[in-house]
Amino acid sequence: MPRRISLPLLVTLCLSLTACAGKTLSPGEYSGFLQDYSQLTEKKLPDGQRVLSWVNPQITHYTRVYIEPSQFYLPLLPSERRSEAMLTEVSHYYDAALKQELGKVMTVVATPGPGTLIVRPAITSVSATTQGLRFYEWLPVTLLAAGVSTAIGIRDQDTQITTEVAVVDACNQAVVAQVIRKSAGLTLKNDKQAMTVDDFKPVLDDWALAMRQAYVSAGNQAHAHNFASSPVTPCVY
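Below: a short report on this structure.

1. Focus: the side chain of Ser-91
Then, in step 1: Its place among the elements puts Ser-91 in helix 2 (residues 84-102).
Then, in step 2: Judged by its relative accessible area of 8%, Ser-91 falls in the buried class.
Then, in step 3: What Ser-91 contacts, discounting residues up to four positions off in sequence, is Ser-70, Phe-72 and Ile-123.

Shown next, in the form of structure tokens:
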């Protein structure tokens, strides 16, 4: 007589394997890095990714950009799978990607001044979690096998990384734009494989590209609505 898998076991396996499968950031996951989260609205990008953002249409009045080195907020503790060297490489790659993309539409400067935006990027999480169930794994036999794979650590792992970015006026520190992104990196083979910067390079490139596209889109909206340009005032320190 074939053994039956009890309903409680099925529920337990389903919950454990599907946890953290979603990619939408909830308010409870906000890090506190941004000054004000109330203006953020969810948008769906052409590639299907979701982003929480707010952008002042007059952002294109600024033609220069100073990109601060990205920081980890709150500090992420190194581990066997998330080494300090790997985190440093992720930060440096993110900075370079932002400079490359924003440099296509703005002048990247070494010192902030009049008519300059300061981009303050923060990486708020870097993690790997057990991959959720695929549709064909809901059959009783494969569901049990999936649960065993999870228990012994050989199931694929989904990597995730989150950023919060503040964009402010270099002179008066007024917030001009804010964005939160949570994206999936490359898949790891098991729960022992260490994460590397290569697992997140496509995500970091995509984030930087989206920042450039947001700047261009804001300019198109400002032109369509005939927003008047504001004069650039000198900084007072």
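2. Observations concerning the pairing of strand 3 (residues 64-67)
Then, in step 1: Here strand 3 shows one buried face, formed by Val-65 and Ile-67, and one open face, formed by Arg-64 and Tyr-66.
Then, in step 2: Sheet analysis places strand 3 next to strand 5 (residues 107-108), joined by 2 bridges and oriented parallel. Across the sheet, residue Arg-64 finds its bridge partner in strand 5, namely Thr-107.

3. Focus: the environment of Pro-78
Then, in step 1: By the element assignment, Pro-78 lies in the loop between strand 4 (71-72) and helix 2.
Then, in step 2: Discounting residues that sit within four places of it in the chain, Pro-78 has contacts with Ser-83 and Glu-84.

4. Here we look at the layout of surface pockets
Then, in step 1: Volume-wise, the largest pocket comes out at about 740 Å³.
Then, in step 2: Lining of the largest pocket is provided by 37 residues; of these, Ser-53, Val-55, Ala-210, Gln-213 and Ala-214 occupy positions nearest its centre.
Then, in step 3: A total of 11 residues in the lining of the largest pocket trace back to one element, the largest contributor, which is helix 4 (residues 201-224).
Then, in step 4: For the lining of the largest pocket, a count of residues per class yields 24 nonpolar, 9 polar and 4 charged.

5. Quick word on helix 2
Then, in step 1: Taking 1.5 Å as the rise per residue, helix 2 with 19 residues should run 27 Å; its terminal C-alpha atoms sit 27 Å apart, in good agreement.
Then, in step 2: Among the residues of helix 2, those classed as buried are Met-86, Leu-87, Val-90, Ser-91, Tyr-94, Asp-95, Ala-97, Leu-98, Glu-101 and Leu-102.

6. What about the pattern of salt bridges?
Then, in step 1: Scanning all chains against the criterion turns up 8 salt bridges.
Then, in step 2: With a shortest N-O distance of 2.9 Å, Glu-42 and Arg-50 are connected by a salt bridge.
Then, in step 3: The class of Glu-42 is partly exposed, set by a relative accessible area of 43%.
Then, in step 4: Looking at Arg-50, the relative accessible area reads 38%, which means it is partly exposed.

Rules and cut-offs
- Residues numbered from 1 in each chain as written.
- Predicted model: local features only at pLDDT ≥ 70, side-chain atom pairs only at ≥ 80, totals over all residues.
- Heavy atoms only, no water.
- Helix = DSSP H or I, 4+ residues; strand = E, 2+ residues; numbered from the N terminus.
- Buried < 20%, exposed > 50% of the residue type's maximum accessible area, 1.4 Å probe, protein only.
- Contact = heavy atoms within 4.5 Å.
- Pairing = 2+ DSSP bridges.
- 1 Å grid on protein atoms, 1.4 Å probe; cavity = no way out; pocket = protein on both sides within 12 Å on 5 of 7 lines; lining within 4 Å.
- Points joined across faces, edges and corners; volume = space filled by probe spheres on them.
- Nonpolar A, V, L, I, M, F, W, Y, C, P; charged D, E, K, R; others polar.
- Expected span 1.5 Å × (residues − 1).
- Salt bridge = Lys/Arg side-chain N within 4 Å of Asp/Glu carboxyl O.

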